[in-house]
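Below, each chain spelled out in residue letters.
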Amino acid sequence: MDYFSTVLISLTHFCDKHGPRIICVTQCSNSGITSNNNIDERQSDNVTFTSNNQDNDEDKSEIKSIPNSVKDAFNVTGGEELLVPNYPIDSYCDSCLLWFPPNPASTDNSEPEINDAIRSMRSILNNHAFVTTQYSSIRFQKLNSITRKVFSEETMIYDCSPFVFYDDIRGLNLSMGFKLYDENARGNERRYCLILTIDQPNIEFAMDLLSQNWNFILLGFKKIINHIKELHQIAIDRSNREKLSKNKLGITNN
């Protein structure tokens, strides 16, 4: 049984303005992938950034000038049912919005570090299409319900301890919470959770899948969280150095 399409991984947080929110979710398509290049999809390991205008002639001309490994990713199709349209982002605050890096097909050196026209990222791994988006177009209400439950639980702690729950509506879920320092947030900290959801009505199958991969999932989640914390600390240190430099410059000018 191909269980990839029943497993979802979400990064969520508690926003001071909007409450529990999903930052991004990764899902696997239950449809196969096809390639226009006659490449072996089982050996491909490519990432595609997709926007609502990726099929126009201008984008195709840009693709011709990039490496073959990236062109192969653009010529592979699969997981289209999980992609999301170019939705408006006015209702998202900076802490809730998912930002994607620049489109790898672009050759414009003046392109900003963040591309706000991209709404989906697709990875082709072992003949499966994994799609990462701000929200799930096919499981929107379910994931929102799971996120609200995780952050409303009084027993939920944010020290990377696993928390597992199941019901007929939300399925089987494993969450791991953590905190990041933020001087602009309430209490100078923000709460986050990584959530693994097994959207499978057969609870015995779901529990067996979770138990067989328990150590792998926990280790993987902890590596992701540690990486996020390291990047966050680097950003804080850089910000502190910039503030210190500005203060020194102000003293010198005076």
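As annotated in an unreviewed UniProt entry, the chain carries the name UDENN FLCN/SMCR8-type domain-containing protein and comes from Arxiozyma heterogenica.

Visitor: Break down the overall build of the chain for me, citing the residues and quoting the values.
Guide: Per the secondary structure count, the chain includes five helices and ten strands. Here the chain, with 254 residues, has 41% of them falling under the buried criterion. Looking at the chain alone, contacts between residues at least 24 apart form 67% of all its contacts between residues at least 6 apart. For the chain, the exposed surface amounts to about 14,700 Å²; the carbon and sulfur share of it is 50%.

Visitor: Give a detailed account of the pairing of strand S10 (residues 189-198), specifying residues and quantitative values.
Guide: Judged by how many residues are buried, S10 sits mostly within the fold: eight of ten residues are covered. Across seven bridges, strand S1 (residues 7-15) lies against S10 in antiparallel orientation. Opposite leucine 8, over in S10, you have threonine 197 as the bridge partner. Examined bridge by bridge, strand S9 (residues 171-181) and S10 share ten bridges and lie antiparallel to one another.

Visitor: Tell me what's going on with the nonpolar core, and back it up with residues and numbers.
Guide: If you look at the biggest cluster of nonpolar residues, it comprises 23 residues, and the most contacted ones within it are Phe178, Ile198, Leu210 and Phe221. Looking at this core, the elements with two or more residues in it are strand S2 (19-28), S9, S10, helix H4 (203-212) and helix H5 (214-253). Among the elements that make up this core, the one with the highest residue count is S9 (five residues). Discounting residues that sit within four places of it in the chain, phenylalanine 221 has contacts with Ile9, Leu174, Met176, Leu194, Ile195 and Leu196. Counting residues in hydrophobic clusters, the runner-up holds 13 residues, among them Val25, Leu143, Ile146 and Phe163.

Visitor: A description of the environment of arginine 119 should follow, citing residues and the corresponding values.
Guide: Assignment of secondary structure puts arginine 119 in strand S6 (residues 118-125). Classification of arginine 119 by relative accessible area gives buried; the value is 7%. Residues arginine 119 and leucine 83 lie 36 residues apart in sequence; the distance between their C-alpha atoms is 7.9 Å.

What counts and how
- Residues numbered from 1 in each chain as written.
- Predicted model: local features only at pLDDT ≥ 70, side-chain atom pairs only at ≥ 80, totals over all residues.
- Heavy atoms only, no water.
- Helix = DSSP H or I, 4+ residues; strand = E, 2+ residues; numbered from the N terminus.
- Buried < 20%, exposed > 50% of the residue type's maximum accessible area, 1.4 Å probe, protein only.
- Contact = heavy atoms within 4.5 Å.
- Areas by Shrake-Rupley, 256 points an atom, 1.4 Å probe, with all protein chains shown as cover.
- Pairing = 2+ DSSP bridges.
- Core = buried A, V, L, I, M, F, W, Y, C linked by side-chain atoms within 4.5 Å.

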